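Close look at the chain arrangement
Letter by letter, the chains look like this.
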Amino acid sequence: MRVLAINGSRRQNGNTSYLIQSLLAPLEQAGVTSEIIVLGDYRIEACTGCEACSDSWDCVIRDDFSALVSRMDAADAVILASPTYWYSVTSDMKRFVDRCYSLIRYPRSRREWIGKYQGTGKVCVTAAVCEQSDPTMMGNTLTLLSDFARDIGLDLEDSVKALGFFSAGSIKEGRDVLGKAERVGERLLRRLK
């Protein structure tokens with residue numbers, strides 16, 4: 001079994017990173033292979049809306065994106081995580097999501113689509129961190145990640161919302177949210193077995 005975690009934060013030891021580590025802990029203890037990708041480490045150009053991907057699952061822009069999709073293809077589960085920047089995901093995560101337009105097709109009309117991972121049994125967990133404690137300040141961060149996961153055909157297992165964390169690593173004091181993340185990781189493990 002393989003789990004791929006995609007981190008939209010550029011902070012190497014930031015709160016999103018620690019949240020991902022808590023999600024992965026039960027899986028790694030059970031011997032599941034995991035990989036964490038920090039999107040800021042990759043060159044991902046903006047989607048141009050060219051529609052050249054409409055007859056394949058491949059984006060025609062040549063950068064690091066196709067390598068990331070290959071890793072998603074090989075994974076049994078995907079974790080999508082981002083801090084909240086201006087009520088939404090980071091620009092790195094948004095650019096990745098936009099490029100994943102190549103992972104959907106419209107067989108009959110623009111009103112319905114098929115996600116590349118539909119029917120594959122690939123599972124997803126989404127996670128988001130927000131500086132403010134008021135959940136409305138998270139905006140659409142978690143919703144965007146969850147809707148995106150479903151749109152490309154991933155089965156959404158659960159989501160983790162971490163509120164009130166700003167300083168890098170401050171989430172380590174958030175025992176409740178890290179405990180919830182571990183429990184979600186345990187459910188993900190059971191789902192994969």
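Provided above is the structure to which this section pertains.
The text that follows walks through the structure, step by step, so that each part is easy to find. (Residues numbered from 1 in each chain as written. Predicted model: local features only at pLDDT ≥ 70, side-chain atom pairs only at ≥ 80, totals over all residues. Heavy atoms only, no water.)

1. Digging into the sheet that holds strand E7 (residues 155–163)
- Spatially, the five strands line up as an open sheet ordered E2-E1-E3-E6-E7, and their pairing is parallel. In the strand order of this sheet, the two ends are held by strand E2 (33–38) and E7, each with one partner. Neighbour-to-neighbour, the strand axes of the sheet open up by a mean angle of 15°, direction not taken into account.
- Sheet strands in contact with helix H2 (residues 65–74) are strand E1 (2–7), E2 and strand E3 (77–83), and its direction is about 140° off that of E1. (Pairing = 2+ DSSP bridges. Helix = DSSP H or I, 4+ residues; strand = E, 2+ residues; numbered from the N terminus. Axes fitted to C-alpha atoms, helices over the stretch in contact; angles between N-to-C directions. Contact = heavy atoms within 4.5 Å.)

2. Considerations on the nonpolar core
- Grouped together as the largest cluster of nonpolar side chains are 29 residues, with contacts concentrated most on Ile6, Leu39, Met72, Leu80, Met93, Phe96 and Ile152.
- Within the residue set of this core, elements represented by two or more residues are E1, H2, E3, helix H3 (91–99) and helix H4 (141–151).
- Leaving out residues up to four positions away in the same chain, Met72 has contacts with Leu4, Ile6, Val78, Phe96, Leu103, Tyr117, Lys122 and Ile152.
- Tyr18, Ile20, Ala181 and Leu188 belong to the second-largest nonpolar core, a separate cluster that totals 27 residues. (Core = buried A, V, L, I, M, F, W, Y, C linked by side-chain atoms within 4.5 Å. Buried < 20%, exposed > 50% of the residue type's maximum accessible area, 1.4 Å probe, protein only.)

3. Focus on the pattern of salt bridges
- Considering all chains together, one arrives at 10 salt bridges under this definition.
- A salt bridge links Arg71 to Glu35; the shortest N-O distance between them is 3.2 Å. Here Glu35 lies in strand E2 and Arg71 lies in helix H2, a separation of 36 residues in the sequence.
- Residue classification places Glu35 among the partly exposed residues on the basis of a relative accessible area of 23%.
- Taken together, the shared-partner salt bridges connect Asp155, Glu157 and Arg191 into one network. (Salt bridge = Lys/Arg side-chain N within 4 Å of Asp/Glu carboxyl O.)

4. Looking at the side chain of Asp92
- Looking at the element boundaries, Asp92 is found in helix H3.
- What makes Asp92 buried here is its relative accessible area of 16%.
- What Asp92 contacts, discounting residues up to four positions off in sequence, is Gly8, Arg10, Leu39 and Gly40.

5. Describing the pairing of E1
- Counting buried residues along E1, five of its six residues qualify, which places the element largely inside the surrounding structure.
- Two strands pair when backbone bridges link them, and E1 and E2 are joined in this way by six bridges, in the parallel orientation. The residue of E2 that forms the bridge with Asn7 is Val38.
- Direction of pairing for E1 relative to E3: parallel, over a ladder of five bridges. Pairing of Asn7 across the sheet is with Ala81, part of E3.

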